[in-house]
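Spelled out, the chains give:
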Amino acid sequence: MSLFKNIFGSSEEGNQSSKIGWRLLTDLGQLNEIVDLSNEKAVLIFKHSTRCSISRFALKQFENEFDLVEKITPYFLDLLNYRDVSNEIANRFDVFHQSPQILLIKNGKAIFSTSHDDIDAKFLERFTE
């Protein structure tokens, strides 16, 4: 079963029910891509634990509120399957690992990071002006 089937149902249903259009973060090399993209447009990384009900709740709430697709490129990390990527995110962007967690990357640096019930999609608007 695919990652999106586990999280959203079937892949097609997930893409339709999630207006975000997540890019899956599965490879360390993608972090260079994120840094490059962040020089043109802010990049969001959502670190999710598929075994955690708090993380699942935070993800669903975030998806319901997020409406900045035009201003922020969203990446999704299943940190249980890609622990090495999660660890490198902590090192590269100098943040303490948490789950669930969001990071906002701009000009190659994490300009915002929060976790658990502090994850609020509406709060990100202040970074896109």
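In this report, we go over the structure that sits alongside the text. (Residues numbered from 1 in each chain as written. Predicted model: local features only at pLDDT ≥ 70, side-chain atom pairs only at ≥ 80, totals over all residues. Heavy atoms only, no water.)

1. Thoughts on the pattern of salt bridges
Moving on, step 1. Taken as a whole and judged by the stated rule, the model has two salt bridges.
Moving on, step 2. A salt bridge links Asp67 to Lys122; its shortest N-O distance comes to 3.4 Å. With Asp67 in the loop between α4 (53–65) and β3 (72–78) and Lys122 in the segment after β5 (109–115), this pair connects stretches of sequence that are 55 residues apart.
Moving on, step 3. Relative accessible area serves as the criterion here: at 47%, Asp67 is assigned to the partly exposed category.
Moving on, step 4. The class of Lys122 is partly exposed, set by a relative accessible area of 40%.
Moving on, step 5. Here Glu88 ties to Arg92 by a salt bridge, and the two come within 3.7 Å at their closest N and O atoms. (Salt bridge = Lys/Arg side-chain N within 4 Å of Asp/Glu carboxyl O. Helix = DSSP H or I, 4+ residues; strand = E, 2+ residues; numbered from the N terminus. Buried < 20%, exposed > 50% of the residue type's maximum accessible area, 1.4 Å probe, protein only.)

2. Overview of the packing of aromatic side chains
Moving on, step 1. Under the criterion given, the structure shown has nine aromatic pairs.
Moving on, step 2. Taking the centre distance of 6.0 Å and the plane angle of 65 degrees together, the rings of Phe123 and Phe127 count as edge-to-face.
Moving on, step 3. Of the aromatic side chains, those joined through ring pairs into one cluster are Trp22, Phe46, Phe62, Phe66 and Phe76. (Phe/Tyr/Trp six-rings, centres within 6.5 Å; stacked < 30°, edge-to-face > 60°.)

3. Overview of the sheet that holds strand β4 (residues 101–106)
Working definition: the strands of a sheet are paired by backbone hydrogen bonds and lie parallel or antiparallel to each other.
Moving on, step 1. Here we have five strands laid out as an open sheet, ordered β1-β3-β2-β4-β5, and mixed in their pairing. Of all the strands in the sheet, the pair left with one neighbour each is β1 (23–24) and β5.
Moving on, step 2. Here two bridges tie β1 to β3, and the two strands are oriented parallel to one another. Residue pairing in the sheet places Arg23 in a bridge with Tyr75 of β3.
Moving on, step 3. Strands in contact with helix α3 (residues 30–37) are β1, β2 (42–48), β3 and β4; relative to β3, the strand with the most contacts, it is inclined by about 160 degrees. (Pairing = 2+ DSSP bridges. Contact = heavy atoms within 4.5 Å. Axes fitted to C-alpha atoms, helices over the stretch in contact; angles between N-to-C directions.)

4. Quick word on unusual backbone geometry
Moving on, step 1. Residue Pro100 is bonded to the preceding Ser99 through a cis peptide linkage, with omega at -5 degrees.
Moving on, step 2. Relative to the helices and strands, Pro100 resides in the loop between α5 (83–92) and β4.
Moving on, step 3. Unlike most non-glycine residues, Asp94 shows phi in positive territory, near 55 degrees.
Moving on, step 4. By the element assignment, Asp94 lies in the loop between α5 and β4.
Moving on, step 5. Positive phi values are uncommon outside glycine, yet His116 reaches one of about 50 degrees.
Moving on, step 6. Mapped onto the elements, His116 comes out in the segment after β5.
Moving on, step 7. Judged by relative accessible area, His116 falls into the partly exposed class, the value being 28%.

5. Here's the deal with the nonpolar core
For soluble globular proteins, the rule of thumb is that nonpolar side chains tend to be buried together.
Moving on, step 1. Judged by nonpolar contacts, the single largest core of 19 residues is most densely connected at Phe62 and Leu124.
Moving on, step 2. Where this core is concerned, the elements lending two or more residues are β2, α4, β3 and β4.
Moving on, step 3. Setting aside chain neighbours within four positions, we find Phe62 in contact with Ile20, Trp22, Leu44, Phe46, Ile102, Ile119, Ala121 and Leu124.
Moving on, step 4. Counting 14 residues, the second largest nonpolar core, distinct from the first, contains Leu31, Val43, Leu77 and Phe93. (Core = buried A, V, L, I, M, F, W, Y, C linked by side-chain atoms within 4.5 Å.)

6. As for the packing of α3 against α5
Moving on, step 1. Contact geometry of α3 with α5 gives a least axis separation of 11 Å together with a crossing angle of 40 degrees. Judged by the angle between their axes, α3 and α5 are oblique. The two elements α3 and α5 meet at a crossing, and its hand is right-handed. Along its contact with α3, which presents Leu31, Asn32 and Val35, the element α5 presents Val85, Glu88, Ile89 and Arg92. (Parallel < 35°, antiparallel > 145°, perpendicular 65-115°, else oblique. Left-handed = near helix turned anticlockwise from the far one by under 90°.)

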